[in-house]
Amino acid sequence: MNKTRKLGRGVAIVGAGMSDFGMFEDKDSKDLFADAFRQMLASVDKGVDPRDIDALYLGNFTNDFFVGQSHWSAIISDAIGLVPRPATRTEGACASSALALREGVFAIASGFYDMVLIGGVEDMSKRSTREVAEGLALAAVPYERKSGFTFPGVFGTIATAYFEKYGASRRHLMNVTIKSHNNAPLNPKAQYCVSIRDIMNDKIGRARAEGAPIPDWSDEVDFLSDPRANPAIAWPLHLFDCCPISDGAGCMLLVGEEMAKSFTDDPLYIVGLGQGSGRGLHAAEDLTTFEATRAAAGEAYGMAGLGPEDIQFAEVHDCFSIAELIHIEDLGFFEPGEGYRAVEEGLTRLDGSKPINTSGGLKCKGHPVGATGVAQLIEIWQQLRQSAGERQVPGGNLRIGAAHSLGGTGGTSTFTILERR
Amino acid sequence: MTDRPFSDHEFEQFLGQDKLMGSRCAACGALFVPPRSICPRCYGAEMEWAEMKGTGTLTAFTCIAIGPSFMADEGYDRENPYCTGVVELEEKVRVVARIEGVDTRNPEGISIGTPVTARFLHRRGDRGDRTFLAFEPLSRCDRRG
């Protein structure tokens, strides 16, 4: 179990691209992925001929349910001109494209392929909110579904356990939301490029323009505490604790390490890979931690020969505000029960000692389920290559970043560490 | 009873008879609710049925304002949320279940650690009758009894 793993051949990332994330009536999965693919090709500094791509691994959770169409790997392969090369779909709920990355890495590391396209896509916004909630619940444990749990319900339950064990409160969840929303306006691809303060001021402005009673919110916490502005979804989780329904796609180009410099002088190297599986709420010994994440982190740190203190910044799977607190503890960035204090002290802000979710996270960037894993890695790519624009982590000395994805209610978890040399 | 497979189907059949049943590993004694047919602790494959007393404590919970359609059909919505959660049974295993008899409009008043007792909610449906496991707080007289 504690074996240190390594790749048979090093693997590098030489290109990355993603579509805008949002709710698009006029775009389907092919359109979104084609956007991402075009941007990926343009990102390869020394150029690449798409005819050299050996295979596609595509993460997609359940377009089967969301748009009534399955088997997207072949459809996407055709849409971007890869036919007849092999195209394989990976599914691990919200971690689906993080699994695509792993499969692509393994395929190159084995020597079978030299250049692989990995990516993910999801098209969720064509269904009603209730239908999307039911689609997402497909990734929960059957006993949970029968007991009436929704996805927010599972994480709301985890939140009550966390509050009880560590003395945290809703206020601490709000701190996560406010922090992520402060990063979001700096990310032009995000679904909600807006801070909580701007949302609040906008509502006040509209009330004034309409001659309606003007809300007297004093600050962001006051706004988020108002059930009219922030209604309960699955108590203690409220609307602003939850990520949105999103459409989007992203992809990355992987090559054997020895080939990387023919595509760019600045490739990123995959130095740590971890994946774990987990069990349902009823079978978990402790509701304030994800066994799958701890396993994934242990595997990735072991492979990289690195520890949590070496990770300079990270994207973690904040499908709900409480999830971010659990993950930053499970990944070892903070001690168990200390995550909420770290967020309160500002340590996870863009200018903090451990910036978390500089992209705005799933909460603001959006969460097109199958695309999320790769989109998180794309944020690491941009930050490490100093191309994150206004949201660039300050200091200029970035070498190691990591991305964590969680599938379902903890059934799948991945942790991937990237290095710039 | 010993001939019945240790499956979710049989677990549900027992719920229909107002029984909360699990399986116990004959080799290592580990207890599982709902039942498992393979023991993940020792990989033993010989199991025995075990009936739970149906009492425990509330370990974690949520009050859901927007639920799946089968809960909406029961009349639950934003104005009338329902509670669901995790209960640790007296036998030291946990189950997920609906929580009844609590004020879901005032979730701050619901306490982790509350003693609860099982209830079996029998529902008629288009695809046959189903029983949902639920728990409700023990009333004072129940606790005395």
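Residues numbered from 1 in each chain as written. Chains lettered and ligands numbered in written order. Predicted model: local features only at pLDDT ≥ 70, side-chain atom pairs only at ≥ 80, totals over all residues.

### Points about the overall build of chain B
Thinking step 1. When its secondary structure is counted, chain B shows three helices and eight strands.
Thinking step 2. When the helices and strands of chain B are placed in sequence order, the string is α-β-β-β-β-α-β-β-β-β-α.
Thinking step 3. For chain B, the C-alpha atoms occupy an extent of roughly 50 × 40 × 30 Å along the three principal directions.
Thinking step 4. Evaluated residue by residue, chain B yields a buried proportion of 36% over its 145 residues.
Thinking step 5. A fraction of 48% describes how many contacts in chain B between residues 6 or more apart in sequence connect residues 24 or more apart. (Helix = DSSP H or I, 4+ residues; strand = E, 2+ residues; numbered from the N terminus. Buried ≥ 20, exposed ≤ 12 C-beta atoms within 10 Å, placed from the backbone. Contact = placed C-beta atoms within 7 Å.)

### Notes on the domain arrangement of chain B
Residues and elements named next belong to chain B.
Thinking step 1. Partitioning chain B into structural domains gives domain 1 (8-51) and domain 2 (55-144).
Thinking step 2. For domain 1 and domain 2, the distance between their C-alpha centres works out to 22 Å.
Thinking step 3. Listed by partner, the interface residues are nine residues for domain 1 and eight residues for domain 2.
Thinking step 4. Of all elements in the fold, only α1 (8-16) and β2 (31-32) reach the threshold of two or more residues within the side of domain 1 that touches domain 2.
Thinking step 5. With three residues, α1 is the single largest residue contributor to the side of domain 1 that touches domain 2.
Thinking step 6. Of the residues contributing to the side of domain 1 that touches domain 2, the split by class is five nonpolar, two polar and two charged. (Domains from an automatic or database assignment. Nonpolar A, V, L, I, M, F, W, Y, C, P; charged D, E, K, R; others polar.)

### Topic: helix α7 (residues 151-166) of chain A
Residue and element names in this part refer to chain A.
Thinking step 1. Taking 1.5 Å of rise per residue, 16 residues should cover 22 Å, and α7 covers 23 Å from first to last C-alpha, within 8% of that figure.
Thinking step 2. When you tally the buried positions in α7, you get 13 out of 16 residues, the bulk of the element.
Thinking step 3. Once α7 ends, the next one or two residues include G167, with phi positive near 80°. (Expected span 1.5 Å × (residues − 1).)

### Re the interface of chain A and chain B
Thinking step 1. Chain A puts 26 residues into the contact, and the matching count from chain B is 26 residues.
Thinking step 2. Residue assignment for the side of chain A that touches chain B shows that the elements contributing at least two residues are α5 (129-136), α6 (142-146), α7 and β5 (232-235) of chain A.
Thinking step 3. At seven residues, the largest contribution of residues to the side of chain A that touches chain B is made by α7(A).
Thinking step 4. As defined by bridge partners, β5(A) adjoins strand β4 (residues 55-64) of chain B across two bridges and the pair is classed as antiparallel. (Pairing = 2+ DSSP bridges.)

### A few points about the packing of helix α8 (residues 170-183) of chain A against helix α12 (residues 321-330) of chain A
Residues and elements named next belong to chain A.
Thinking step 1. It is the contact of α8 with α12, at a shortest axis distance of 8 Å, that shows an interaxial angle of 90°. Here α8 lies roughly perpendicular to α12, going by the angle between them. Contacts between α8 and α12 involve L173, V176 and T177 from the first element and S321, I322, E324 and L325 from the second.
Thinking step 2. Broken down by class, the residue content of the contact of α8 with α12 amounts to four nonpolar, two polar and one charged. (Axes fitted to C-alpha atoms, helices over the stretch in contact; angles between N-to-C directions. Parallel < 35°, antiparallel > 145°, perpendicular 65-115°, else oblique.)

### Some thoughts on the packing of α7(A) against α12(A)
Residue and element names in this part refer to chain A.
Thinking step 1. Relative orientation of the contacting elements α7 and α12 amounts to 55°, with a least axis distance of 9 Å. The angle between the axes of α7 and α12 places the two elements in the oblique class. The way α7 lies across α12 gives a crossing that is left-handed. Contacts between α7 and α12 involve F155, I158, A159 and Y162 on the former and, on the latter, I322, A323, L325 and I326.
Thinking step 2. Its residues assigned to classes, the contact of α7 with α12 comprises eight nonpolar, no polar and no charged. (Left-handed = near helix turned anticlockwise from the far one by under 90°.)

### Structural notes on the pairing of β5(A)
Thinking step 1. Inspection of the sheet shows β5(A) paired to strand β6 (residues 237-238) of chain A by two bridges, in the antiparallel sense. Note that in β6(A) the partner of A232(A) across the bridge is H238(A).

### Notes on the sheet that holds strand β7 (residues 247-256) of chain A
Residue and element names in this part refer to chain A.
Thinking step 1. Strand order in this open sheet of nine strands is β3-β2-β4-β7-β1-β8-β11-β10-β9, and the pairing throughout is mixed. Edge positions in the open sheet fall to β3 (87-90) and β9 (313-315), since each of these has one partner strand only. Across the sheet, the mean angle separating the axes of adjacent strands is 25° when strand polarity is ignored.
Thinking step 2. Note that strand β8 (residues 268-277) and strand β11 (residues 412-420) share nine bridges and pair antiparallel. Of the residues in β11, the one forming a bridge with L273 is T416.
Thinking step 3. Its contacts with the sheet place helix α3 (residues 72-79) against β2 (55-59), β3 and β4 (115-123), and it is angled at close to 135° to β3.

### Things to note about α3(A)
All names here are of chain A.
Thinking step 1. Of all the positions in α3, only W72, S73, I75, I76 and S77 are classed as buried.
Thinking step 2. Packing partners of the buried residues in α3 comprise α1 (29-43), β2, α2 (63-66), β3 and β4.
Thinking step 3. G81 sits one or two positions beyond α3 and adopts a positive phi of about 80°.

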